[in-house]
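# Fold and geometry: a report
Residues per chain, in single letters:
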Amino acid sequence: FRQDQAPELARMGIGVMLQPKSHYEPHVERLGFPTWAADNGCFAQGTRFDSAAFYRWLATVPRSRLLFAVAPDVYGDHEATWRRSLPYLGEFREMGLPRAFVAQNGGRPDTVPWEYFETLFIGGDNAWHFGPMVRDLVLEARARGKRIHMGRVNSARRLQYAATIGCHSADGTYLAFRNRTTTGLRDMEKLVRQGILDGLHG
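Residues numbered from 1 in each chain as written. Predicted model: local features only at pLDDT ≥ 70, side-chain atom pairs only at ≥ 80, totals over all residues. Heavy atoms only, no water.

### Considering the side chain of threonine 81
- Note on placement: threonine 81 falls in helix α5 (residues 78-95).
- With relative accessibility at 0%, the residue threonine 81 sits in the buried group.
- Here the side chain of threonine 81 touches aspartate 77 through a polar contact of 2.8 Å, landing on its backbone oxygen.
- Setting aside chain neighbours within four positions, we find threonine 81 in contact with Pro72, Asp73, Val74, Phe101, Val102 and Gln104. (Helix = DSSP H or I, 4+ residues; strand = E, 2+ residues; numbered from the N terminus. Buried < 20%, exposed > 50% of the residue type's maximum accessible area, 1.4 Å probe, protein only. Polar contact = N/O pair within 3.5 Å; in protein donor to acceptor, adjacent residues only side chain to side chain. Contact = heavy atoms within 4.5 Å.)

### Things to note about helix α4 (residues 51-58)
- Of the residues making up α4, those classed as buried are Phe54, Tyr55, Trp57 and Leu58. Buried residues of α4, viewed axially, fall in a sector of 160°; they line one side.
- On the buried face of α4, the contacting elements are β1 (16-18), β2 (36-38), β3 (66-70) and α5.
- The backbone nitrogen of alanine 52 lies 3.0 Å from a side-chain oxygen of the residue at the head of α4, namely aspartate 50. (Arc of directions from axis to C-beta.)

Structure below.
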């Protein structure tokens, strides 16, 4: 988003997903966003991911309306994500951070470490997003009193799907991409008028 759009986004009840090196974290309170979350940047950084730099960045993220911090994951691999996430989830708890674990391809309700986090973050590829196992994971998360967030939601169709299966929140690069054609904010206003975002506030 552009900072001049922040008041309108906040008025619509839209929060922001913070990324390492995005440089928005010092401004989210002043700009009036209702909520924000802290992503890990693993997907973009790949092998360049630096855990020490990640922790330094997390220390700059305001806690006042922080929904969750995302433990580092491995795209498309549930088992590798669990091994990578475990030490971070423990340290997040010691730091008092609300924790999110990313459900990647191959995860099942009986293989998710439910006791280690408060938010289930739906990651993985497109087929996984729309597959039956994700819906089973969402049902289990709901039954356990967890929040559910879906990533890479970049269309009205995906927003509607996330709301329909029971997600509380979603994020994507839709607004930033559409801003290149100056229609991003107008599109968000249309989604609000249509009520598509309403189901994500449960």
